[in-house]
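# Structure at a glance
Read off the chains here:
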Amino acid sequence: MVGLGASAGGIEALESFFRAIPSDTGLAFVVITHLPAQHKSAMSDILRHYTAMPVAEAQDGMALEPDHVYTAPSGGALRMAGERLCVEEPTDGHGLRNPVDSFFVSLAAAAGERAIGIILSGGGSDGTLGARALKENGGLVIAQGSNHTQPRHSAMPQSAIATGLVDLVLPADAMTESLLRYCQALEAPGDAEGEPDRWLPEIYTLLRNHVGHDFSGYKRQTFLRRVRRRMKVVQVETLADYVQRLRAEPEEADLLFRDLLIGVTGFFRDGQAFKALRQRVVPRLFEGKGAADDIRVWVPGCSTGEEVYSIAILLAEYAENLPAVPRINVFATDIDDAALQVARAGRYPAALLEGVSEERRRRYFTREDDTYTVNRRVRGLCTFSAHSLIRDPPFSRIDLVSCRNLLIYMGSELQKRLIPMFHFALRAGGYVFLGSSENLTQHGDLFASIDKSNRIFQRRGDAMPAPSYRDVLPSLGPAPPGLRGPLKPQVNVMAPTAPRRSAEIRMLERYAPPHVVVNRDGDIIHYSA
């Protein structure tokens, strides 16, 4: 299923695309354009001049058929439900602000890796968040553009390209070959036996040396699935050939890195779990605290911010009924700078707010046509910053760590190093909130289960001190340009070769100013918390 989004200058781009595409590809095409609600669309009549495929204006409940083209009705919100189109009338009579985002989000859910989104000429940033939804579900994203010819209005495709979510940037009349070869690659057989064992270690090394992040601890099958997806996009058949591609084209390492960062998120995802968090944890965070105190929440791997704002809304709701409100700080971190930009803006298409009640939309969001922006009161509780959970020192004195659906991407060895880090970051009695497929049962010495079914755990106050983060981090980041190579193992200052009394360490961590210890070569061997 192929969705094409366009606005200003889109007719010319659509003409170029459909004149070049054969009429027997087996694909279904849906065209989404920006039109005022009161303006009758002539798009179906226009496209019939450029393609031999049947063209029809979408009607509610219409089933998609191969080798057909469908156009959005004037002003209506067009979405996918399975393989059928749904038409919803706008509530304010002014049309939709982001109809491409709305359709792409539903297309991603309906078709998964068989969903393809194409962003053509247009103004604004419509399509950018929809592109992320497509990538989360394994789909393909193409944007119009090239080194020689740019769309008449480049803002829409350039907005998506700037996020790093776009797989291919091509002129509208040159998309056909890549589109069809990608579809053929979906049916290709897997790797030969033993190929992953041979080539994955080299891919880990190439990534680490190029982008400074080590993915060797990530779940093997998840990592391999993302690599194979990139192979289909660049139309490479074997892992050996893909390694050669990574060596020859450093920008491909950047694109693979972008794919590896894509995670699934949403507002109040798993509603029952958030209900349990609101009932069993949030009140305890406020117990015994007044205006001079603070509540500190850390959300590592925050992606585009939906989970962050969900937690901030729960805290804001509870605080409204208190006579004295503590300072609320929600620290949200990720290594994906483009996702952090979306999170800071706090504006989302309506299709992404399915988990938000109408009451919460009214109180905590501002609606602009088909988008919702988190209001300043909630955004003011949240601080977004770049931070690697694997590489950088953790936050400290945290009341709640919400790390949902991030550990599932990591292998068991890496998880064994990260869970003690959460223990280190939390205050005594602090909480951990995980995703439905994650658990801390193997770390019963550090955490007690508060709500097993909803994955809520509490830091044990009687546990032995957790290992310091410097004992679990494999590196402190990439070497400076020109000096890249194997990353040096860090000196463990807690090892028997460098004994220090635990009382001295506790005194230093509590009373000394922030400090770093280096050796004569300038290597960092110890951070303060």
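Report follows, based on the coordinates. As the structure is a prediction and not an experimental result, all values here were calculated from the model. (Residues numbered from 1 in each chain as written. Predicted model: local features only at pLDDT ≥ 70, side-chain atom pairs only at ≥ 80, totals over all residues. Heavy atoms only, no water.)

### Quick word on the overall build of the chain
Formally: Numbering of helices and strands starts at the N terminus; helices are DSSP runs of H or I of at least 4 residues and strands are runs of E of at least 2. The buried label applies to any residue whose accessible area, calculated with a 1.4 Å probe on protein chains only, is under 20% of its type's maximum; exposed applies above 50%, and partly exposed to all values in between. We call two residues in contact whenever any of their non-hydrogen atoms come within 4.5 Å of each other.
The number of helices and strands found in the chain is 18 helices and 21 strands. Expressed as a percentage of the 529 residues in the chain, the buried residues total 53%. Within the chain, residue pairs in contact and separated by at least 24 positions form 73% of the contacts whose partners lie at least 6 positions apart.

### Considering the state of the cysteines
Going by this rule: Two cysteine sulfur atoms make up a disulfide if the distance between them is within 2.5 Å.
Under the defined criterion, the tally for this structure stands at zero disulfides. Its sulfur unpaired, C302 is 9.6 Å from the next cysteine sulfur, which belongs to C382.

### Describing the pairing of strand β8 (residues 140-144)
Using the following cut-off: When DSSP finds two or more bridges between a pair of strands, those strands are recorded as paired. Seen with its strands pointing away from the viewer, a crossover is right-handed when the path leading from the first strand over the helix to the second is clockwise.
Of all five residues in β8, five are buried; the element is thus mostly enclosed. Both faces of β8 are covered, namely the face carrying L140, I142 and Q144 and the face carrying V141 and A143. Pairing geometry for strand β7 (residues 116-119) and β8, over four bridges, is parallel. The partner of I119 across the bridge, within β8, is A143. For the segment spanning β7, helix α4 (residues 128-136) and β8, crossover handedness is right-handed. The pairing of β8 with strand β9 (residues 168-170) spans three bridges and is classified as parallel. Residue Q144 lies in a different strand from β9, and its bridge partner there is L170.

### Digging into the pairing of strand β16 (residues 398-403)
Across the six residues that make up β16, a large majority, six, are buried. As judged from the two bridges shared by strand β10 (residues 294-300) and β16, these two strands associate in the parallel manner. Bridge pairing in β16 places W298 opposite V401. As defined by bridge partners, β16 adjoins strand β17 (residues 426-434) across five bridges and the pair is classed as parallel. Considered in β17, the bridge of S402 is made with F433.

### So, the sheet that holds β17
Backbone-to-backbone hydrogen bonds join strands into a sheet, with any given pair of strands oriented parallel or antiparallel. We count it as follows: As a rule, the C-alpha atoms of each element are fitted with a line to give its axis, helices using only the stretch in contact, and angles between N-to-C directions run from 0 to 180 degrees.
Taken together, seven strands build an open sheet; the order of strands is β15-β11-β10-β16-β17-β19-β18 and the sheet is mixed. Strands with a single pairing partner mark the edges of an open sheet, and in this sheet they are β15 (382-386) and β18 (447-451). This sheet shows a mean twist of 20° between the axes of neighbouring strands, independent of strand direction. In terms of strand pairing, β18 meets strand β19 (residues 456-459) through four bridges, oriented antiparallel. If you follow S449 over to β19, its bridge partner there is F457. Helix α13 (residues 306-319) rests against β10, β11 (327-334), β15 and β16 of the sheet, and its axis sits at about 175° to β11. Sitting on the sheet, helix α17 (residues 412-425) touches β10, β16, β17, β18 and β19, and the angle it makes with β17 is about 135°.

### Describing the side chain of Q144
Quick note on the threshold: Nitrogen and oxygen atoms within 3.5 Å of one another constitute a polar contact, given that in protein one can donate a hydrogen and the other can accept it, and given that sequence-neighbouring residues count only through two side-chain atoms.
Considering the arrangement of structural elements, one finds Q144 in strand β8. Polar contacts involving the side chain of Q144 include one to the main-chain amide nitrogen of S121, which spans 2.9 Å.

### With respect to the packing of helix α7 (residues 195-211) against helix α10 (residues 250-261)
So the rule is basically this: Angle categories: roughly parallel below 35 degrees, roughly antiparallel above 145, roughly perpendicular from 65 to 115, and oblique for all the rest. Charged residues are taken to be Asp, Glu, Lys and Arg, nonpolar residues to be Ala, Val, Leu, Ile, Met, Phe, Trp, Tyr, Cys and Pro, and polar residues to be all remaining types, Gly included.
The geometry of α7 relative to α10 is characterised by a closest axis approach of 10 Å and an angle of 100° between their N-to-C directions. Taken as axis vectors, α7 and α10 run roughly perpendicular relative to one another. Contact with α7, carried on its side by I203, L207, H210 and V211, involves P250, A253, D254, L256, F257 and L260 of α10 and no other residues of that element. Of the residues contributing to the contact of α7 with α10, the split by class is eight nonpolar, one polar and one charged.

### Notes on the sheet that holds strand β13 (residues 365-368)
Taken in spatial order, the three strands make up an open sheet running β12-β14-β13, and their pairing is antiparallel. Of all the strands in the sheet, just β12 (347-349) and β13 have a single pairing partner and so form its edges. In this sheet, neighbouring strand axes are inclined to one another by 25° on average, regardless of whether the strands run parallel or antiparallel. Where β13 meets strand β14 (residues 371-374), four bridges bridge the pair, whose relative direction is antiparallel.

### Some details on helix α3 (residues 99-111)
Put simply, the test is: Expected helix span is computed as 1.5 Å times (number of residues minus one).
Here α3 contains 13 residues, and its C-alpha end-to-end distance of 18 Å stays within 8% of the 18 Å for a straight helix at 1.5 Å per residue. Among the 13 residues that make up α3, 11 are buried, leaving the element largely enclosed by the rest of the structure. Of all the positions in α3, only P99, V100, D101, S102, F103, F104, V105, S106, L107, A108 and A111 are classed as buried. At the exit of α3 stands G112, carrying a positive phi of roughly 60°.

### Comments concerning the packing of α3 against α4
For any two helices packed against each other, one specifies the crossing angle of their axes together with the interaxial distance. Close contact between α3 and α4 brings their axes to 7 Å; oriented N to C, the two are set at 5°. Comparing the axis directions of α3 and α4 gives the class roughly parallel. On α4, the residues touching D101, F104, V105, L107 and A108 of α3 are T128, L129, G130, A131, A133 and L134. Of the residues that constitute the contact of α3 with α4, the class distribution is eight nonpolar, two polar and one charged.

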